[in-house]
Amino acid sequence: MRNYELTTIIDPNIAEEDFSKAMEKLVGLITKNGGKVIETDHWGRRRLSYPIGKHAEGNYVMMKLDIDPDKTDELETDMNISIEYLRHLLLRVGD
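Everything numeric in this text was worked out from a predicted model, so none of it was measured. (Residues numbered from 1 in each chain as written. Predicted model: local features only at pLDDT ≥ 70, side-chain atom pairs only at ≥ 80, totals over all residues. Heavy atoms only, no water.)

> Just give me the short version of helix α2 (residues 72–81), but keep the residues and values in it.
Considered for burial, the residues of α2 that qualify are Thr72, Leu75, Asp78 and Met79. The buried residues of α2 occupy one face: seen down the axis, they fall within an arc of 125 degrees. Within α2, the exposed residues directed more than 90 degrees away from the buried face are Asp73, Asn80 and Ile81. Against the buried residues of α2 lie β1 (2–10), α1 (16–32), β3 (55–67) and β4 (85–92). (Buried < 20%, exposed > 50% of the residue type's maximum accessible area, 1.4 Å probe, protein only. Helix = DSSP H or I, 4+ residues; strand = E, 2+ residues; numbered from the N terminus. Arc of directions from axis to C-beta. Contact = heavy atoms within 4.5 Å.)

Right under this line is the structure:
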């Protein structure tokens, strides 16, 4: 298991109760792939640097997690399939 940081932009048009469902789904995708969420930081709704689809804003969430490096591709594939996640960036932290 290695330390990673996952920054995700979630669709700004989803309702508040659906935002918590999207977060639960994201945590579920991480645990399904053998990972563990260490810390979650919701940065809130922010303006995007460039439009993604028809969206000019997004809900930013940064998570610190532990996951097996072999499972990161599966996690990213699962996130690409989900429509509520506009973009994501998974970075390895540390050595």
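> I'd love a proper account of the sheet that holds β3, names of residues and values included.
Taken in spatial order, the four strands make up an open sheet running β2-β3-β1-β4, and their pairing is antiparallel. Pairing within the sheet leaves two strands with one partner each, and these edge strands are β2 (36–52) and β4. Between one strand axis and the next, the sheet turns through 20 degrees on average, direction left out of account. With seven bridges connecting them, β1 and β4 associate as antiparallel partners. Each bridged residue has a counterpart across the sheet, and for Ile9 the counterpart in β4 is Arg87. Against the sheet, α1 contacts β1, β2, β3 and β4, and its axis sits at roughly 35 degrees relative to β3. (Pairing = 2+ DSSP bridges. Axes fitted to C-alpha atoms, helices over the stretch in contact; angles between N-to-C directions.)

> Residues and numbers for the environment of Leu29, please.
For Leu29, the position within the fold is in helix α1. On the basis of relative accessibility, which here comes to 10%, the residue Leu29 falls in the buried class. Each C-alpha atom of the pair Leu29 and Pro69 lies 15 Å from the other, and the pair is 40 residues apart in sequence.

> Any details on the pairing of β2? Residues and values, ideally.
Bridge count for β2 against β3 is 11 bridges, and the pairing is antiparallel. When the bridges of β3 are listed, Lys36 appears paired with Asp66. In sequence, β2 turns back onto β3 through a hairpin of two residues, with Gly53 there showing a positive phi of about 65 degrees.

> Give me the lowdown on the pattern of salt bridges, citing residues and values where you can.
With the rule as written, the count across this model stands at five salt bridges. A salt bridge links Lys32 to Asp78, with the nearest nitrogen and oxygen atoms 3.0 Å apart. With Lys32 in helix α1 and Asp78 in helix α2, this pair connects stretches of sequence that are 46 residues apart. When its relative accessible area of 17% is taken as the criterion, Asp78 is described as buried. Between Glu57 and Arg45 there is a salt bridge whose closest N-O contact spans 2.7 Å. Residue Glu57 is found in strand β3, and its partner Arg45 is found in strand β2; the two are separated by 12 residues along the sequence. With relative accessibility at 31%, the residue Glu57 sits in the partly exposed group. Arg45 sits in the partly exposed class, given a relative accessible area of 48%. (Salt bridge = Lys/Arg side-chain N within 4 Å of Asp/Glu carboxyl O.)

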